Amino acid sequence: MIPIKNKREIEKIRKASRITSETLLLLEKRICPGITTLELDKIAFDFIKRKGAEPAFKGYRNYPATLCTSVNGEIVHGIPSSVKLKEGDIIGIDVGAGFDHYYGDCTRTFPVGAISPEVSRLLETAREALNLGIKKAVVGNRVSDISHAIGSYVEKKGYSVVREFVGHGVGRELHEEPEIPNFGPPGQGSFLKSGMVFAIEPMVNMGRKEIKILKNGWTAVTSDGKLSVHFEDTVLIDEDGPEVLT
Ligand code: MF3
Ligand code: CO
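**Focus: the sheet that holds strand S6 (residues 160–161)**
Here is step 1 of the chain: The antiparallel open sheet is built from three strands, whose spatial order is S6-S10-S13. At either end of the open sheet lies a strand with only one pairing partner, and these are S6 and strand S13 (228–230).
Here is step 2 of the chain: Here strand S10 (residues 203–205) runs beside S13; their pairing, made up of three bridges, is antiparallel. From the neighbouring strand, Met 203 faces S13, where its bridge partner is His 230.

**Focus on unusual backbone geometry**
Here is step 1 of the chain: A cis amide bond links Glu 177 to the next residue, Pro 178, at an omega of 0°.
Here is step 2 of the chain: Backbone geometry places Arg 61, a non-glycine residue, at a positive phi of 45°.
Here is step 3 of the chain: Take Arg 61: it is sitting in the loop between strand S1 (54–55) and strand S2 (67–71).
Here is step 4 of the chain: Arg 61 gets classed as exposed once you look at its relative accessible area, which sits at 67%.
Here is step 5 of the chain: Positive phi, close to 55°, is recorded for Asn 72, a residue that is not glycine.
Here is step 6 of the chain: With respect to the helices and strands, Asn 72 occurs in the loop between S2 and strand S3 (74–76).

**Points about the site of ligand 1**
Here is step 1 of the chain: Lining the immediate surroundings of ligand 1 are Phe 57, Tyr 60, Tyr 63, Cys 68, His 77, Asp 94, Asp 105, His 168, His 175, Glu 201, Trp 218 and Glu 232.
Here is step 2 of the chain: Interatomic distance of 2.6 Å between a side-chain N/O atom of Asp 94 and a nitrogen atom of ligand 1.
Here is step 3 of the chain: Between ligand 1 and the protein, one listed contact pairs an oxygen atom with a side-chain N or O atom of His 168 at 2.8 Å.
Here is step 4 of the chain: Contact with the protein chains covers 93% of the free accessible surface of ligand 1, which is 330 Å².
Here is step 5 of the chain: Grouping the amino acids of the shell around ligand 1 by side-chain chemistry returns five nonpolar, three polar and four charged.

**A look at the environment of Val 112**
Here is step 1 of the chain: Structurally, the position occupied by Val 112 is in the loop between strand S5 (102–111) and helix H3 (117–135).
Here is step 2 of the chain: Assessed through its relative accessible area of 0%, Val 112 is described here as buried.
Here is step 3 of the chain: For the pair Val 112 and Asp 89, spaced 23 residues apart in sequence, the C-alpha separation works out to 5.2 Å.

**Topic: the coordination of the cobalt ion (ligand 2)**
Here is step 1 of the chain: The protein atoms that coordinate the cobalt ion (ligand 2) are Asp 105 (OD), His 168 (NE2), Glu 201 (OE) and Glu 232 (OE), at distances of 2.1 to 2.3 Å.
Here is step 2 of the chain: Considering all six donor atoms around the cobalt ion (ligand 2), the spread of angles at the metal, 64 to 166°, places the coordination shape in the irregular class.
Here is step 3 of the chain: Read from N- to C-terminus, the donor residues coordinating the cobalt ion (ligand 2) fall into the pattern D-x62-H-x32-E-x30-E. Residue His 168 is found in strand S7 (residues 167–169), and its partner Glu 201 is found in the loop between strand S9 (197–200) and S10; the two are separated by 33 residues along the sequence.

About the criteria used
Residues numbered from 1 in each chain as written. Chains lettered and ligands numbered in written order. Predicted model: local features only at pLDDT ≥ 70, side-chain atom pairs only at ≥ 80, totals over all residues. Heavy atoms only, no water. Pairing = 2+ DSSP bridges. Helix = DSSP H or I, 4+ residues; strand = E, 2+ residues; numbered from the N terminus. Buried < 20%, exposed > 50% of the residue type's maximum accessible area, 1.4 Å probe, protein only. Near = heavy atom within 4 Å. Polar contact = N/O pair within 3.5 Å; in protein donor to acceptor, adjacent residues only side chain to side chain. Areas by Shrake-Rupley, 256 points an atom, 1.4 Å probe, with all protein chains shown as cover. Nonpolar A, V, L, I, M, F, W, Y, C, P; charged D, E, K, R; others polar. Donors = N, O, S within 2.8 Å, 3.2 Å for Na, K, Ca; no water. Tetrahedral: all angles 85-135°; square planar, octahedral: opposite > 155°, others 65-115°.

In short, geometric facts, not functional conclusions.
Following this line, the structure appears as structure tokens:
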């Protein structure tokens, strides 16, 4: 069953979601060559705590940090470390916050200094794929209408979509039903209803779609070593259309 949230619950998810997007705005200003992902993690932890919220990932299945920081060929679940960012890198920052027992989840991929036009095009495509998915998050559509909008656009642009990780319901738990793949045919899965809240999160690879998991047991990387980009928003399905909460 896909949970339907009431007004009171939506307010809490809205609050948690806003804290995640504010965290990313703060981090964006701090990204530069030379900063470490561990420094970014500390900034995020302090900010979320100061807002009266909890980092949602820390301790989740023993995950050790506030952020997932996925650099270049890392797709998701990069663990913050003392490695410095370099000019021309890209970094996906995924942040979750819990406020009064409700969650929000948000990811952006940022350039570090100047990047090439080829890499800009990859970032823009993943960003646009998320927007197209969000537009399908309307009452009366089905879950895979979101999936198809994302996957078909990405593949039309000549990139590939990661299969192993999917979007998800979010609210009382960080991960709730349904799973929202980023590929596949439209018109399948549950019908969308007002009061559902989804984290929609395409992961787009420049090269092949295949992944590997690093020895740390967490970090997913592209099998061909090429770049991967991740964007994610928490979205409320409302009578009046999708509302991005992040
Ligand atoms: N946004 C990621 C997801 O939806 C967060 C991973 S949480 C972690 O799966 F704790 F497992 F890293
Ligand atoms: Co998520």
